[in-house]
Amino acid sequence: MIVDLKKGFIFLFFFVSPFVDALTGVAIFQGFMSEGSLFSPSQVFRLFLTVLGLYLLRFSQFIAVVFAMILLISLELTSLYFHQNISGFFIGAVYAYKLIFIFLVFFVLYSTFSRQDSFTLLKYFVQGSAIYALLLIIAILFGVDKSTYATGTFGSKGFFASGNGLSLFLGVSSLLALLYHIRQRRMFTLVLYLILLIGTGLVGTKGSIFFVFVNFIFLLFLNKASFITFSSIVVLSFLFLWERIVDVFSLVFDVIIFRYNNSPSILAFLASNRDNYVKGAFEIFTSSEFVTFRSVFGSGVYLSFRDYRNLQLPLDTLESDFFDLFFSYGIIGISLYLIIIALGMYVSIRKSQYLLFTTWTSLCAYSLIGGHMLFNSMSNIAFLVLILLILKMPDSVYEEKAGYISST
């Protein structure tokens, strides 16, 4: 019975989640609920998975999850004592639950997939991710999609609520689909990779551009012949089609170009004004009370960097997981996150998992600087699966076994 329940959990988690998340997006777009509302279809679905997952855990794992939940809720209750906003407490509890959920699912998947089954985990994730990309493409083809940005001519998030979360999720999935194709060398796996790569680009965010670029860079290094061929095509294209390329790029990424033209520097463009947000946040934070305690343990998600004596500022994130973690969970929280990042980098390098290392460092770097990952219910699943693959996959990378990476 336990085995059947595990199979059911795996099926629901990888292959039903895309449709539930799409349903949530449609409900938001139709005005039935606002983004971040309680009891959305995705939240109810994940609550069901949580109950099922808790049943599947070993006793020690169950205790670890409950202990983590108590710690985070205790922090939100402490924060509630100061800000006295019950809605704020529930907001903090929802964010805490997102972290607890991936912690719980980590244990379920870690005990389900052995080292020998690690490729099966990769296969399920890529195939499930392709459903997200297909739903996005279908929405665009039938003209029922939602634009990524409020203004602009390009960029779609399809049926899904978060364009930024979708772009990171599909970006990671596309790189893992490349690993899947390298291992299988089948037309089906190639089609999956192309679907995910196209889906990544269609979202039209800076995260999309970033991960499409990472894909092409890695493809160039698969072998010397492809590197020379592709480089020649790029050079010739820029020599003879420069004006056309500029026109197409200006049309496709008009919102991003507008932001670049209105930024005082390249750093300001990349930061998307986050540097000013962070500066202002620290000014408010350091002028409040209990700074030392809050620096170590955090203030909870709702209070974050704000002063509990003056909550006139609207609730907002800094769109940087590094600083959002620091203000919400203090030095302890950000230290744990950095340790996990360092662990993934160390293990993937030690095992010579070059593609996994590239994907992991790309996602974590974007998370620390650009955010939209750790507290996003879609993109943090990519984070979860990545660390599992790094820990579970054998020491020799699949692309080397397949003979794809070559210096000759």
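Calculation criteria
Residues numbered from 1 in each chain as written. Predicted model: local features only at pLDDT ≥ 70, side-chain atom pairs only at ≥ 80, totals over all residues. Heavy atoms only, no water. Helix = DSSP H or I, 4+ residues; strand = E, 2+ residues; numbered from the N terminus. Contact = heavy atoms within 4.5 Å. Areas by Shrake-Rupley, 256 points an atom, 1.4 Å probe, with all protein chains shown as cover. Salt bridge = Lys/Arg side-chain N within 4 Å of Asp/Glu carboxyl O. Buried < 20%, exposed > 50% of the residue type's maximum accessible area, 1.4 Å probe, protein only. 1 Å grid on protein atoms, 1.4 Å probe; cavity = no way out; pocket = protein on both sides within 12 Å on 5 of 7 lines; lining within 4 Å. Points joined across faces, edges and corners; volume = space filled by probe spheres on them. Nonpolar A, V, L, I, M, F, W, Y, C, P; charged D, E, K, R; others polar. pLDDT = per-residue confidence, 0-100. Core = buried A, V, L, I, M, F, W, Y, C linked by side-chain atoms within 4.5 Å. Expected span 1.5 Å × (residues − 1). Polar contact = N/O pair within 3.5 Å; in protein donor to acceptor, adjacent residues only side chain to side chain. Axes fitted to C-alpha atoms, helices over the stretch in contact; angles between N-to-C directions. Parallel < 35°, antiparallel > 145°, perpendicular 65-115°, else oblique. Left-handed = near helix turned anticlockwise from the far one by under 90°.

A. Inspection of the overall build of the chain at higher detail. Along the backbone of the chain there are 19 helices and 2 strands. For the chain, long-range pairs separated by at least 24 residues make up 74% of all intrachain contacts whose partners lie at least 6 apart in sequence. When the accessible surface of the chain is totalled, it reaches about 19,800 Å², and 69% of it is carbon and sulfur.

B. Layout of the pattern of salt bridges. What the rule picks out here adds up to 1 salt bridge. The partner of Arg46 in a salt bridge is Asp21, with the nearest N and O atoms 3.0 Å apart. Highlighted residues: Arg46 in helix α2 (residues 41-56) and Asp21 in helix α1 (residues 2-29), separated in sequence by 25 residues. Residue Asp21 is classed as buried on the basis of its relative accessible area, which comes to 8%.

C. Structural detail: empty space enclosed by the protein. Under the criterion given, the structure shown has 2 cavities of 30 Å³ or more. In this structure, the largest cavity occupies an estimated 110 Å³ of space. At the level of elements, α1, α2 and α5 (118-141) are the ones that each hand at least two residues to the lining of the largest cavity. Sorting elements by how many residues they give to the lining of the largest cavity places α5 first, with 4 residues. Taken together, the residues of the lining of the largest cavity sort by class into 9 nonpolar, 3 polar and 1 charged.

D. Inspection of the confidence of the model for the chain at higher detail. Predicted confidence across the chain gives a mean pLDDT of 82, with 80% of residues reaching 70 or more. Below a pLDDT of 50 lies the segment residues 397-408, which in the model reaches 33 contacts outside its immediate sequence neighbourhood of four places, other chains included.

E. Quick peek at the environment of Phe297. Along the polypeptide, Phe297 turns up in helix α14 (residues 291-297). Under the relative-accessibility criterion, Phe297 is labelled partly exposed at 40%. Counting along the chain gives 29 residues from Phe297 to Phe326, while the straight-line C-alpha distance between them is 8.6 Å. Apart from the residues within four sequence positions on either side, Phe297 is in contact with Leu75, Ser328, Tyr329, Gly330 and Ile332.

F. Structural context of the nonpolar core. The biggest cluster of nonpolar side chains holds 94 residues, and the ones touching the most others in it are Phe13 and Leu109. The element best represented in this core is α5, accounting for 13 residues. Beyond its immediate sequence surroundings of up to four residues, Leu109 is in contact with Ile10, Phe13, Phe14, Leu121, Leu384 and Leu388. Ranked by size, the runner-up nonpolar core spans 7 residues in total, among them Val278, Ala281, Phe285 and Phe326.

G. Geometry of the side chain of Arg46. Overall, Arg46 belongs to the buried group, its relative accessible area being 7%. If we ignore the near neighbours within four places in the chain, the residues touching Arg46 are Asp21, Tyr97, Phe101 and Ser377.

H. Expanded view of the layout of surface pockets. The space that makes up the second largest pocket amounts to roughly 1,000 Å³. Every residue lining the second largest pocket is counted, 26 residues in all, and those nearest its centre are Ala68, Leu72, Leu99, Gly333 and Leu336. Broken down by element, the residue count for the lining of the second largest pocket peaks at 8 residues, all from helix α16 (residues 321-350). Here the lining of the second largest pocket is built from residues that sort into 23 nonpolar, 3 polar and no charged.

I. Up close: helix α8 (residues 206-220). Between its first and last C-alpha, α8 extends 21 Å over 15 residues, near the 21 Å set by a 1.5 Å rise per residue. All of the buried residues along α8 are Lys206, Gly207, Ser208, Phe211, Val212, Val214, Asn215, Phe218 and Leu220. N-capping of α8 is provided by Thr205, with a side-chain oxygen placed 3.3 Å from the backbone N of Gly207.

J. Region of the structure containing the side chain of Ser367. Along the chain, Ser367 turns up in helix α17 (residues 354-370). In terms of polar contacts, Ser367 uses its side chain to reach the side chain of Tyr337, at 2.7 Å. Those residues within four positions of Ser367 in sequence are excluded, and the remaining contacts are Ser320, Asp321, Phe322, Tyr337 and Met373.

K. Spatial organisation of helix α4 (residues 86-112). Taking 1.5 Å per residue, 27 residues should reach 39 Å; α4 reaches 38 Å between its end C-alpha atoms and fits that length. Capping the start of α4, Asn85 holds a side-chain oxygen 3.0 Å from the backbone nitrogen of Ser87, two or three residues further along.

L. Region of the structure containing the packing of α16 against helix α18 (residues 379-392). At their nearest, the axes of α16 and α18 sit 9 Å apart, and the two run at 40° to each other. Here α16 is positioned oblique relative to α18, judged by the angle of their axes. Crossing of α16 against α18: the hand is left-handed. Across the interface between the two elements, Tyr337, Ile340, Gly344, Val347 and Ser348 from α16 touch Phe383, Ile387, Ile390 and Leu391 from α18. Of the residues assigned to the contact of α16 with α18, the class counts are 7 nonpolar, 2 polar and no charged.

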